[in-house]
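Each chain, letter by letter, is given below.
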Amino acid sequence: MACCGQSGEDAVDSPSPSPLDLCSVPLIALSFYVRKQLALFLNPMSLVAADWRELAELMGFTYLEIKNYERLDNPTSRLLDDWQVKHGSSVGKLLELLKKIERKDILEDLLPAIHECCIRYLNKPLQVASVDSSGPRSSVDPSGGRPEYFDAFICYCQADMEFVHEMIRQLEQTDHRLKLCVFDRDVLPGSCIWTITSELIEKRCRRMVAVISDDYLVSDDCDFQTKFALSLSPGAQDKRLIPVKYKHIQREFPSILRHITICDYTNPSTKSWFWKRLAKALSQP
């Protein structure tokens, strides 16, 4: 596995499964699980091992920024979220910095999981013009043989399916006449989940709606889909991702979405025009 021109052996002094240029892989490829494990390693302040503060210095964060991170319950998570939008950040660079602060223990423990994340990310079909026969049920128009396109890909958990059905009723079966891509409805069994979702989000759907819930916040699938959508629109410049909060959540709202305006179904003062507002956002060119 290559790390900014170095092999995996150079990075951690141990064999790696296969050569990869990790400097070409953005940090958004790292799953919720990997980020959580990094936080467990780096959050505790120790006199015998470098922690997140040394990593932050090498990432280029200032003294005042680091002092502000110290007030957070999970500074490592926020650090990774903020660094991933900076120029020069990548999975390969992260491994290089971990080596510089002599956290070989982290590299040895997490390299297989990091490798798996990178494989998933790099396997997205960037050059594929259309999905194959195992793709979306209606991905090909019977009359013209053209791929089917959607107004929005819906990112959700199974526990939130009831709200997804309500979304279908309000946005597809009304005068809005929007076309939603719902994985359990529009994708046939047997498809490669990571490949087909990447293809749909990048090439077939104009927007992505993320249904935020406590289940969403711990879902690896939702984590991958959200970060993939964000990577296609750094800084939310083209409003590609629209977070929807439809019920109160107990967990902390994801910091990676804090700069994006949400549609809040839980706010009684705005609930009456929630669907109209969401439909208008999805209908924009």
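Each chain carries its own residue numbering, running from 1 in the direction its sequence is written. Restriction of local features to residues with pLDDT of at least 70 applies here, the model being predicted, together with a cutoff of 80 or more for giving and counting side-chain atom pairs; totals for whole chains, interfaces and linings are based on all residues. Calculated side-chain values reflect all of the structure's heavy atoms, with hydrogen atoms and water omitted.

Engineer: Before we move on, can you summarise the packing of helix α2 (residues 32-42) against helix α11 (residues 220-232) with the specific residues and values?
Structural biologist: Two measures define how a pair of helices packs: the angle their axes make with one another and the distance between the axes. Where helices are involved, their axes are fitted lines through C-alpha atoms of the stretch in contact, as for all axes, and angles between N-to-C directions lie from 0 to 180°. Counting from the N terminus, the helices are the DSSP runs of H or I reaching at least four residues and the strands are the DSSP runs of E reaching at least two. Contact geometry for α2 and α11: axes closest at 9 Å, N-to-C directions at 95 degrees. Regarding the angle of α2 to α11, the classification is roughly perpendicular. Two secondary-structure elements touch here, α2 through F32, Y33 and R35 and α11 through D220, D223 and K227. Here the contact of α2 with α11 is composed, by residue class, of two nonpolar, no polar and four charged. Just so you know how the angles are binned, under 35 degrees is roughly parallel, over 145 roughly antiparallel, 65 to 115 roughly perpendicular, and the rest oblique. In this analysis, two residues are considered to be in contact whenever any of their non-hydrogen atoms come within 4.5 Å of each other. Charged means Asp, Glu, Lys or Arg here, nonpolar means Ala, Val, Leu, Ile, Met, Phe, Trp, Tyr, Cys or Pro, and polar covers whatever is left, Gly included.

Engineer: How would you summarise the layout of surface pockets if you had to cite specific residues and measurements?
Structural biologist: Of the two site types, the cavity is a set of points on a 1 Å grid over the protein atoms alone where a 1.4 Å probe fits but cannot get out, and the pocket is an open set with protein on both sides within 12 Å along at least five of seven lines, each lined by residues with an atom within 4 Å of a point. Grid points are joined across faces, edges and corners, and a volume is the space filled by probe spheres set on the points. Here the largest pocket is characterised by a volume of approximately 720 Å³. Residue lining of the largest pocket: 25 residues in total, with F32, N74, S77, E252 and P254 positioned closest to the centre. Taken together, the elements giving at least two residues each to the lining of the largest pocket come down to α2, α5 (75-83) and α11. Residue contributions to the lining of the largest pocket peak at five residues, all from α2. A class-by-class count of the residues in the lining of the largest pocket yields eleven nonpolar, five polar and nine charged.

Engineer: Pulling in residues and values, what's your account of empty space enclosed by the protein?
Structural biologist: Evaluated as defined, the whole model comprises one cavity of 30 Å³ or more. Each pocket or cavity is described by its volume, and for the largest cavity that value is around 70 Å³. I28, A29, L30, S31, C117, R120, W194, D220, D223, F224 and K227 together form the lining of the largest cavity. Looking at the lining of the largest cavity, the elements that each hand over two or more residues are α7 (104-122) and α11. No other element matches the four residues that α11 contributes to the lining of the largest cavity.

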